[in-house]
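In case you want the letters, here they are:
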Amino acid sequence: MPLGSALADLSRPRYPSPDTGSTKRPVERIGSAAVRLLETTGLVDTAVLRHRLRILGKSVEVHAYEKLIAGIAGFLLPVVFAATVGVAGISISPALLAVAAVGLFAAGFVYPDLGLAERVERRRRDFRHSLSAYLDLVTIILAGGGGLETALHAAADLGDGPAFDHIRKALRSARLTNRTPWDAFDELGADLGVDELRELAASAHLAGDQGARIRDSLAAKADTMRANQTAALEAQAETATEKMLLPVVTLVVGMILFIGFGVVQAISTPGATP
């Protein structure tokens, strides 16, 4: 074999590159096309959508794929219904069918976005609860004589769940990139939209390298977060109580009307016994 051919054969890739589209799953390929369609048409603010999905740990391609599939399913539903009733000899107006198909396509396309902001806020609230527990663990380890780096990593290893996973990844990234943990926490707080984590990083920066001041700062932040969470839970409980007033009042009024109707009928009927 000529030398040039041998060198060309050696330089030829034996396996497909992981960045090529051939290695992507069909869901990711279709989702990527749907994302490009959304960005082109401007129907959805993809920047906000990416930020929310990143907090939920979900790929934007998968979410766009779900939106597309739900829209197609909604579009085909009236078509299948018209075909089914057409077998029985019942015809449906093409205009009505087109309006129903377009409307159900829009409803199916929007359906995956419903409740997305609420789930993001719930994830942030869970992160705040986990962060206060993490700070308590760090404070306990520091009070026991542990170093700051040891306390931060050991406390992160003691917990589980998405919040502690984010904290462990942030600490690992800080160690690999030769940054302080507070810089990683500030970046994580900005990424997740958790202001308490950014405030923690800022107060820790102000505390400097003094262990006692950092311990006091962490303990104060944990107490503040716990108080805020208690106030938020009390507000939610009061809101839930207020929401129950209308069903209870409706039930009482209905019961009064039901009993009153029987009493009035018994009184107004001639010869009725009391």
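These remarks concern the structure in this document.

1. Let's talk about the overall build of the protein
Right, so step 1: Check the secondary structure of the protein and you find 12 helices and 0 strands.
Right, so step 2: Reading the secondary structure of the protein in the N-to-C direction produces α-α-α-α-α-α-α-α-α-α-α-α.
Right, so step 3: Nonlocal contacts in the protein, meaning residues at least 24 apart in sequence, comprise 58% of its contacts between residues at least 6 apart.
Right, so step 4: Of the roughly 17600 Å² of accessible surface on the protein, a fraction of 65% belongs to carbon and sulfur atoms.

2. Focus: the environment of Leu116
Right, so step 1: Residue placement: Leu116 occurs in helix 6 (residues 116-143).
Right, so step 2: Its relative accessible area of 2% is what places Leu116 among the buried residues.
Right, so step 3: Taking C-alpha positions, Leu116 is 9.1 Å from Leu49, a pair spaced 67 residues apart along the chain.
Right, so step 4: With residues near it in sequence (within four places) discarded, Leu116 still touches Leu49, Arg52, Leu53, Leu56 and His63.

3. Concerning the nonpolar core
Right, so step 1: By size, the foremost hydrophobic cluster in this structure holds 43 residues, and its most contacted members are Phe127, Leu131, Tyr134 and Phe185.
Right, so step 2: Of all the elements, helix 6 adds the most residues to this core, at 8 residues.
Right, so step 3: Leaving out residues up to four positions away in the same chain, Leu131 has contacts with Ile167, Leu197, Leu200 and Met225.

4. Notes on the pattern of salt bridges
Right, so step 1: Tallied over the entire structure, the rule returns 10 salt bridges.
Right, so step 2: Measuring nitrogen to oxygen at the nearest pair gives 2.8 Å for the salt bridge that ties Arg179 to Glu187.
Right, so step 3: For Arg179, a relative accessible area of 32% corresponds to the partly exposed category.
Right, so step 4: Two residues, Asp186 and Arg198, come together in a salt bridge whose shortest N-O distance is 3.2 Å. Placement of the pair is Asp186 in helix 9 (residues 181-192) and Arg198 in helix 10 (residues 195-207), with a sequence separation of 12 residues.
Right, so step 5: With relative accessibility at 38%, the residue Arg198 sits in the partly exposed group.
Right, so step 6: When salt bridges with common partners are traced through the structure, they connect Glu121, Arg124, Arg128 and Glu196 into a single cluster.

Conventions we followed
- Residues numbered from 1 in each chain as written.
- Predicted model: local features only at pLDDT ≥ 70, side-chain atom pairs only at ≥ 80, totals over all residues.
- Heavy atoms only, no water.
- Helix = DSSP H or I, 4+ residues; strand = E, 2+ residues; numbered from the N terminus.
- Contact = heavy atoms within 4.5 Å.
- Areas by Shrake-Rupley, 256 points an atom, 1.4 Å probe, with all protein chains shown as cover.
- Buried < 20%, exposed > 50% of the residue type's maximum accessible area, 1.4 Å probe, protein only.
- Core = buried A, V, L, I, M, F, W, Y, C linked by side-chain atoms within 4.5 Å.
- Salt bridge = Lys/Arg side-chain N within 4 Å of Asp/Glu carboxyl O.

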